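# Structure at a glance
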Amino acid sequence: MTTQRTFSIIKPDATRRNLTGAINAMLEKGGLRIVAQKRLQLSRAQAEAFYGVHKERPFFNDLCQFMISGPIVAQVLEGENAVARNREIMGATNPANAAEGTIRKVHAESIEANSVHGSDSPENAAIEIAFFFSGIEIVG
């Protein structure tokens, strides 16, 4: 086991429903520590830059529009195998396929409005963390 950091976003559908605390509690109960967190409103340009890897996909414009529809909470999570652990806690992208007790099974409204985003690899976690946070903002 290795301690690592990963990146998470609490999406606009969840912040609109005031679920930040409930989601944070699920992350912490699952063994992750929140070592950085901030609430912000993404601009269109920021959303397009962050999700640039999906630029050629048909859902790109809808995804960006959704992500600028309300505030998000960007987070750095830390723990044993944090990337994989966070993905387990989040559940499958499609809430209909998510395991019982996962964030998406409990809180998601749809595949798009699925309440959370999480890094899919340690390499992408580092990129995504650097997009939103400077080193001084992360307190372990």
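Heads up: the structure comes first, above all this text.
Residues numbered from 1 in each chain as written. Predicted model: local features only at pLDDT ≥ 70, side-chain atom pairs only at ≥ 80, totals over all residues. Heavy atoms only, no water.

## Overview of the pattern of salt bridges
Defined as follows: The term salt bridge refers to a side-chain nitrogen of Lys or Arg lying within 4 Å of a carboxyl oxygen of Asp or Glu. Only protein chains enter the accessibility calculation, which uses a 1.4 Å probe; a residue is then buried when its area is under 20% of its type maximum, exposed when over 50%, and partly exposed in between.
By the definition in use, this model includes eight salt bridges. One salt bridge connects Asp13 with Arg17, and the closest N-O pair in it is separated by 3.0 Å. You can call Asp13 buried: its relative accessible area is 1%. A relative accessible area of 28% means that Arg17 is categorised as partly exposed.

## Focus on the nonpolar core
Where we set the bar: As used in this record, nonpolar core signifies buried Ala, Val, Leu, Ile, Met, Phe, Trp, Tyr and Cys residues forming a set joined through side-chain atoms within 4.5 Å. For helices the rule is a DSSP run of H or I covering at least 4 residues; for strands it is a run of E covering at least 2, with both sets numbered from the N terminus onward. Whether two residues are in contact is decided by their heavy atoms, any of which lying within 4.5 Å being enough.
Of all hydrophobic cores here, the largest spans 21 residues; its most connected members are Phe7, Ile9, Met67, Phe132 and Phe133. Here this core gets five residues from one element, more than from any other, and that element is helix H4 (residues 60-67). Dropping the residues within four chain positions of it, Ile9 is found in contact with Phe50, Tyr51, Met67, Ile72, Val73, Ser115, Val116, His117 and Phe132. In this structure, Leu19, Leu27, Leu32 and Val116 belong to the second largest nonpolar core, which totals 14 residues.

## Notes on helix H2 (residues 20-29)
Basically, it comes down to this: Working note: the arc is built from the helix axis to C-beta atom directions.
Of all the positions in H2, only Thr20, Ile23, Asn24, Met26 and Leu27 are classed as buried. Buried residues in H2, looked at end-on, bunch into an arc of 160°, giving them a common side.

## Describing the environment of Glu137
Here is the rule: Polar contacts here mean pairs of N or O atoms no more than 3.5 Å apart (in protein, one a potential hydrogen donor and the other a potential acceptor; neighbouring residues in sequence count only if both atoms are side-chain atoms).
Considering the arrangement of structural elements, one finds Glu137 in the segment after helix H7 (122-132). Glu137 gets classed as partly exposed once you look at its relative accessible area, which sits at 36%. Along the primary structure Glu137 and Leu27 are separated by 110 residues, whereas in three dimensions their C-alpha atoms are 19 Å apart. Once you skip the residues sitting within four places of it in the chain, Glu137 turns out to touch Val35, Ala36, Lys38 and Phe132. Of note is the side chain of Glu137, whose polar atom sits 3.1 Å from the side chain of Lys38.

None of this, on its own, says anything about what the molecule does.
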